[in-house]
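Given next are the chains, with one letter for each unit.
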Amino acid sequence: MFPHYRMVGFCGLPGAAALGRLGTGTPAQRAAEVEKVAHRYAAGREPLPVLELLATVANASAGPDGTYRSRTPAATIRRFHDVARDRRAMLLLNIQPGRAPVLDEVKALREWLVHPDVGIALDPEWEMARGQVPGDTYGRTSGQELTRVARYLSGLVEAHDLPQKPLVFHQVAPSVVQKQSALRPQPGVALIKSADGIGSPGLKRGTWQRLVRDLPEGLHTGFKLFYEEDAQGSRLMTPKEVLALRPQPEYVMYE
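All values reported here derive from a predicted model rather than from experimental measurement.

Novice: Could you clarify how one ought to interpret the packing of aromatic side chains in this entry?
Specialist: Each aromatic ring pair is summarised here by two numbers: the centre-to-centre distance and the angle between the ring planes. Evaluated as defined, the whole model comprises five aromatic pairs. Where Phe 10 meets Tyr 254, the ring centres are 6.4 Å apart and the plane angle is 90 degrees; that geometry is what we call edge-to-face. In this pair, Phe 10 sits in strand β1 (residues 5-12) while Tyr 254 sits in strand β11 (residues 251-254), placing the two residues 244 residues apart along the sequence. For Tyr 254, a relative accessible area of 3% translates into the label buried. When the ring of Tyr 227 is compared with that of Tyr 254, the centres are 4.8 Å apart and the planes differ by 25 degrees; the resulting orientation is stacked. With Tyr 227 in the loop between β10 (220-225) and α7 (239-243) and Tyr 254 in strand β11, the pair connects residues that are 27 residues apart, well separated along the chain. Members of the aromatic cluster, each reached through a chain of ring pairs, are Phe 10, Tyr 41, Tyr 227 and Tyr 254. Taking NZ or CZ as reference, Arg 21 lies 5.8 Å from the ring centre of Phe 10, over its face.

Novice: Explain helix α6 (residues 201-212) here, please?
Specialist: Two residues of an α-helix separated by three or four positions point the same way, owing to the 3.6 residues in each turn. Given a rise of 1.5 Å per residue, 12 residues ought to cover 16 Å, and the 16 Å separating the end C-alpha atoms of α6 matches this to within 8%. Pro 201, Lys 204, Gly 206, Thr 207, Trp 208, Leu 211 and Val 212 are the residues of α6 that are buried. Residues of α6 that are buried sit in contact with β7 (165-171), β9 (189-195) and β10. Directly after α6, the chain includes Asp 214, whose backbone phi takes a positive value near 60 degrees.

Novice: Where do I start with empty space enclosed by the protein in this structure?
Specialist: In this approach, a probe sized like a water molecule rolls over the atoms, and the result shows the empty space that is left. Summed over all chains, the structure comprises one cavity of 30 Å³ or more. Taken as a whole, the largest cavity spans an internal volume of roughly 40 Å³. Of the residues belonging to the lining of the largest cavity, the class tally is six nonpolar, one polar and three charged.

Novice: Sorry if this is basic, but what is going on with helix α1 (residues 27-39) here?
Specialist: Given a rise of 1.5 Å per residue, 13 residues ought to cover 18 Å, and the 19 Å separating the end C-alpha atoms of α1 matches this to within 8%. Those residues of α1 that sit buried are Pro 27, Arg 30, Ala 31, Glu 33, Val 34, Val 37 and Ala 38. Take α1 and look down its axis: the buried residues cluster within an arc of 165 degrees, on one side only. Among the exposed residues of α1, those pointing more than 90 degrees away from its buried face are Lys 36 and His 39. Contacts from the buried residues of α1 go to β1, β2 (46-58), α2 (74-86) and β11.

Conventions and cut-offs
Residues numbered from 1 in each chain as written. Predicted model: local features only at pLDDT ≥ 70, side-chain atom pairs only at ≥ 80, totals over all residues. Heavy atoms only, no water. Phe/Tyr/Trp six-rings, centres within 6.5 Å; stacked < 30°, edge-to-face > 60°. Helix = DSSP H or I, 4+ residues; strand = E, 2+ residues; numbered from the N terminus. Buried < 20%, exposed > 50% of the residue type's maximum accessible area, 1.4 Å probe, protein only. Lys NZ or Arg CZ within 6 Å of the ring centre and 35° of its normal. Expected span 1.5 Å × (residues − 1). Contact = heavy atoms within 4.5 Å. 1 Å grid on protein atoms, 1.4 Å probe; cavity = no way out; pocket = protein on both sides within 12 Å on 5 of 7 lines; lining within 4 Å. Points joined across faces, edges and corners; volume = space filled by probe spheres on them. Nonpolar A, V, L, I, M, F, W, Y, C, P; charged D, E, K, R; others polar. Arc of directions from axis to C-beta.

Shown next as structure tokens:
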């Protein structure tokens, strides 16, 4: 995927405007919009529009199975996949696991992951340990767990002769990913660490510098922007400012 492409995406869930850009309008409208935004980030690469759909959403209540998560209906995923395929975009299925095992949530999406234009995005701040409730504290993952997910995706790529598949993990603070040095790249999987966090351009640059320090070999970088929250009391960073970050982000996502 890299350095041929630069991925640029919107995230969210239909009908939930507070969760991101995909919560408003139709999938086709958002796909057309993100395609225009992606071209502003090309900078010598082919822009790859991305629809990052929340496929597993963390909840404040336990639910009938006690996992503190709900799954997006297959019909919704199919609708977004159809649009992504028609627009030659990438569909990323975002997982906020609550207390559910992360790999189980990834495996539950297998019917979509066998397609060449579908990848995974993980939100480990919503990965809760026993006794934790989403929204009360940051969750966490580990380099070992991310490697297990990458290994599963690598197996699908090999078994179905697929192109390289992106695996994004959003990280809002250093504590969210434990033992990052244990992360091991896998064949056919592009690992992308996306710097999360709300704030002014200066604050976001500071978060970026902390999170990209001592990156393991083979790990690509991403950067997350918030249309509303970043602009409160400050302003949204421009594409020129984002592309000036080093290393240069290879995935830029707007919420």
